[in-house]
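Residue strings, one per chain:
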Amino acid sequence: VAVAGRSLYCDETGGDYLDAFVPPEGDAKHLSVLVGDISGHGVASALLMTSARALFRSAGLKPGSLSGLACRVNRQLSADIGQTGNFLTLFLTVLDEDNKTLHWVRAGHDPASLYDPDTGEITELKGEGVSMGWSHLMECEYEESTVEFSKPGQVVAVGTDGIWETANAEGELFGRERFHRVIRENAEKSPEQIVEAVFEAVHAFRGDGPREDDITLAVMKRTEEV
């Protein structure tokens, strides 16, 4: 599996969260990819992102534990920021290479998109779970979901709403339909090239208008025969 990602902030520091890592013991068969969006922009959001990153990185993410882990991290974040009004949406994935499956938890984040090379169809990866950091939702639960990820050419794209909520001069939004079209048209390329194609398409659509939100995208692609 090949992975690529990029974040583009609208301020000097941003609130989007992008990370990819294997567990601390170096088990490369369990690759974690996380994409999140923290409310607001600037230094406060960047500090919250740093705290969330540390919590997840220290956990050693593996399939079968994601829902419980999400609950624990939410509890910690809620205790720290629950009265500030800040919150974190997150899409958390772990690739299980032993079983060629992708596991995920969706915490109030927009769904990821799974491209099928045989049909050209894109399925949205959904799941139950609220955004993290609300004191009154400290004890909420999260749903862990699983999908087969064994077919060469399969692509999973996880982004933030700065992509599909980018507006052009007429006030029209880029939208998820255009986002999916770019994924389809570039699905045979490398993850780095897919990410680049999305960023170029969003930039061209926006034109000379200002960036009003951070933009982040992670792409995973099954590349080898299995």
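As shown above, the structure is provided for reference.
Heads up: these notes are all about the structure in this document.

Reading the values: the criteria
Residues numbered from 1 in each chain as written. Predicted model: local features only at pLDDT ≥ 70, side-chain atom pairs only at ≥ 80, totals over all residues. Heavy atoms only, no water. Helix = DSSP H or I, 4+ residues; strand = E, 2+ residues; numbered from the N terminus. Rg over C-alpha atoms; globule rule 2.2 N^0.38 Å. Contact = heavy atoms within 4.5 Å. Core = buried A, V, L, I, M, F, W, Y, C linked by side-chain atoms within 4.5 Å. Buried < 20%, exposed > 50% of the residue type's maximum accessible area, 1.4 Å probe, protein only. 1 Å grid on protein atoms, 1.4 Å probe; cavity = no way out; pocket = protein on both sides within 12 Å on 5 of 7 lines; lining within 4 Å. Points joined across faces, edges and corners; volume = space filled by probe spheres on them. Nonpolar A, V, L, I, M, F, W, Y, C, P; charged D, E, K, R; others polar.

Re the overall build of the chain
Then, number 1: Of the regular secondary structure elements, the chain holds four helices and ten strands.
Then, number 2: Along the chain, helices (α) and strands (β) appear in the sequence β-β-β-α-α-β-β-β-β-β-β-α-α-β when read from the amino end.
Then, number 3: Relative to a compact globule of 226 residues, whose C-alpha radius of gyration would be 17 Å, the chain shows 17 Å and is just as compact.
Then, number 4: Along the longest, intermediate and shortest principal axes, the C-alpha atoms of the chain span 45 × 45 × 25 Å.

Comments concerning the side chain of histidine 30
Then, number 1: Along the polypeptide, histidine 30 turns up in strand β3 (residues 30-38).
Then, number 2: Beyond its immediate chain neighbours, meaning those up to four positions away, histidine 30 contacts Phe21, Val22, Pro23, Leu61, Lys62, Pro63, Val94, Leu95 and Asp96.

Comments concerning the nonpolar core
Then, number 1: Ranked by internal contacts, the top residues of the largest apolar core, which has 26 residues, are Leu34, Phe56, Leu61, Leu77, Leu90, Met132 and Tyr142.
Then, number 2: For this core, the leading source of residues is helix α2 (residues 66-81), giving seven residues.
Then, number 3: The residues contacting phenylalanine 56, other than those within four sequence positions of it, are Tyr17, Phe21, Leu34, Leu61, Leu69, Val73, Leu90, Leu92 and Met132.

Thoughts on the layout of surface pockets
Then, number 1: Within this model, the largest pocket holds a volume of roughly 230 Å³.
Then, number 2: Taken together, 13 residues make up the lining of the largest pocket; nearest its centre are Glu165, Thr166, Ala167, Pro210 and Glu212.
Then, number 3: A breakdown of the residues in the lining of the largest pocket according to their chemical character gives four nonpolar, four polar and five charged.

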